[in-house]
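The chain contents come next:
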Amino acid sequence: MSDLIRCAYVIPKKGRKCRMLVRTGQQYCGEHAVFAEDNQDRIQCPIDPKHTVDRKSLEQHLLRCNSRVVEAEYIKKDANALVGETKFTDKIDRRATEEEIFAALEKMKSCYVAVKDKLLSKQDHCQEVDAFLEQATTLSESKRKHLIQLSSIIGHLESAKLLRSDPSACILELGAGKAQLAYWMTKRAPLAKFLLIDRSGSRNKYDNRALKEDPSLDITRLRCSIEHVDLSELAMLKEDPSLDITRLRCSIEHVDLSELAMLKDVSSVCAVCKHFCGSATDAGIRCLSNGMENGLVLDGFVLVPCCHHKSRYSEVNFAS
């Protein structure tokens, strides 16, 4: 093990060297070979400089790069974003002043004061999830907590009559991730259509598991980020819907729900998300609002945010 040579590149954000192995006679791993003095083959990706690509493979890479925004009628760049996406490589020219920070805090405080007396604390339950928790006695506290949250979300959806097991109903999950929430929702509404949106791919997705357990389920997955997609333009389902999962790549900041043909063919639409990180919650709300302005009939939504500290100042400094 002592003969193994690690990459010499120092990761700025972590203050340590990259731990990837390098080829014999090389200083840098494949990803960081762009920093080698004699490098001629490795270049930064023109779409997202956070990663590099072999010059010979650039054309193919641009067609499948995870950071690309595809060209499609349902893509409207930054349609739902307050500001465009910020990459880690972007230079931060300055920090917000104390006056600007206090002004933003006052806005958030005034919003809280306006609604605090209307806030309710109630934990609902989903029978299937609770039954699973009783049987799965070896689950870690973290996984158990996650499932308890899912149970309450589904319970609230049912209490509000938003989770209907009907072919004319569509459940839209924003930031679906591995789709564990959707998996348990299918137990309560197996006849509904499910549209899952997430910006990145995941292994061991629960929507695949759900389809194995019940091939009659109608599940569609969009791989996108909500800032850019105009859903009313996306004709994803035929008159005789396929049971396969469709995966497309886009960005949720750019989604226009009113343009998705799938949502025009249903009489009931509700949206739900769990742990929509940072400002993604705001993008999700704007996505739903823009969709409604363009004709989308939305029965209701349940959005569970998290990671407020990941919001950028320019995103929380909204207009009064």
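Small disclaimer: the values here were computed from a predicted structure and weren't measured.

About the cut-offs
- Residues numbered from 1 in each chain as written.
- Predicted model: local features only at pLDDT ≥ 70, side-chain atom pairs only at ≥ 80, totals over all residues.
- Heavy atoms only, no water.
- Helix = DSSP H or I, 4+ residues; strand = E, 2+ residues; numbered from the N terminus.
- Expected span 1.5 Å × (residues − 1).
- Patch = residues over 30% accessible without salt bridge, like charges linked within 9 Å, V, L, I, M, F, W, Y side chains within 5 Å.
- Areas by Shrake-Rupley, 256 points an atom, 1.4 Å probe, with all protein chains shown as cover.
- Salt bridge = Lys/Arg side-chain N within 4 Å of Asp/Glu carboxyl O.
- Buried < 20%, exposed > 50% of the residue type's maximum accessible area, 1.4 Å probe, protein only.
- Polar contact = N/O pair within 3.5 Å; in protein donor to acceptor, adjacent residues only side chain to side chain.
- Pairing = 2+ DSSP bridges.
- Right-handed = clockwise from strand over helix to strand, strands pointing away.
- Core = buried A, V, L, I, M, F, W, Y, C linked by side-chain atoms within 4.5 Å.
- Domains from an automatic or database assignment.
- Contact = heavy atoms within 4.5 Å.

Student: Is there a simple way to think about helix 4 (residues 141–159) in this case?
Tutor: Along an α-helix, residues three or four apart share an orientation, since each turn contains 3.6 residues. In this model, helix 4 (19 residues) spans 27 Å end to end at C-alpha, consistent with the 27 Å of a helix rising 1.5 Å per residue. Looking at the residues trailing helix 4, positive phi occurs at Lys 161, about 60°.

Student: Help me out: how do you make sense of a nonpolar patch on the surface in this one?
Tutor: A surface patch of nonpolar side chains, amounting to about 370 Å² of accessible area, comprises Ile 101, Phe 102, Leu 105 and Met 108. For Met 108, a relative accessible area of 39% translates into the label partly exposed.

Student: What should I look at first to understand the environment of Asp 117 in this one?
Tutor: Inspection of the secondary structure assignment puts Asp 117 in the loop between helix 2 (98–115) and helix 3 (127–135). Polar contacts involving the side chain of Asp 117 include one to the side chain of Lys 116, which spans 3.4 Å.

Student: Looking at this structure, I do not really get the pairing of strand 6 (residues 193–198). What am I missing?
Tutor: The buried fraction of strand 6 amounts to six of the six residues, a majority that puts the element mostly inside the structure. Burial along strand 6 is two-sided: the residues Lys 193, Leu 195 and Ile 197 and Phe 194, Leu 196 and Asp 198 are all buried. Judged from the five bridges that link them, strand 5 (residues 169–174) and strand 6 form a sheet pairing that is parallel. Within the sheet, the bridge partner assigned to Ile 171 lies in strand 6 and is Phe 194. The parallel pair strand 5 and strand 6, bridged by helix 5 (residues 180–188), forms a crossover whose chirality is right-handed.

Student: Would you mind going over the nonpolar core with me for this structure?
Tutor: General note: in soluble globular proteins, nonpolar side chains tend to be found buried as a group. Among the nonpolar cores identified, the biggest contains 30 residues, and Ile 154, Leu 157, Ile 171, Met 185 and Phe 194 are the most heavily contacted of them. Looking at this core, the elements that each hand over two or more residues are helix 3, helix 4, strand 5, helix 5, strand 6, helix 6 (206–213) and strand 9 (268–277). Summarising the domain contributions, this core has at least three residues from each of domain 2 (73–117 + 161–319) and domain 3 (122–160). Ignoring sequence-local partners within four residues, the contact set of Ile 154 consists of Cys 126, Val 129, Leu 163, Leu 181, Trp 184, Met 185 and Arg 188. The next biggest cluster of nonpolar side chains, apart from the first, holds 22 residues, and it includes Leu 195, Ala 283, Leu 296 and Leu 298.

Student: Which parts of the structure should I look at to understand unusual backbone geometry?
Tutor: Excluding glycine, residues mostly carry a negative phi; peptide bonds, for their part, are mostly trans. Non-glycine residue Lys 161 carries a positive phi angle of around 60°. Along the chain, Lys 161 falls in the loop between helix 4 and strand 5. Look at Ala 179: it is not a glycine, yet its phi comes out positive at around 70°. Examined against the element boundaries, Ala 179 turns out to sit in the loop between strand 5 and helix 5. By relative accessible area, Ala 179 is classed as buried at 0%.

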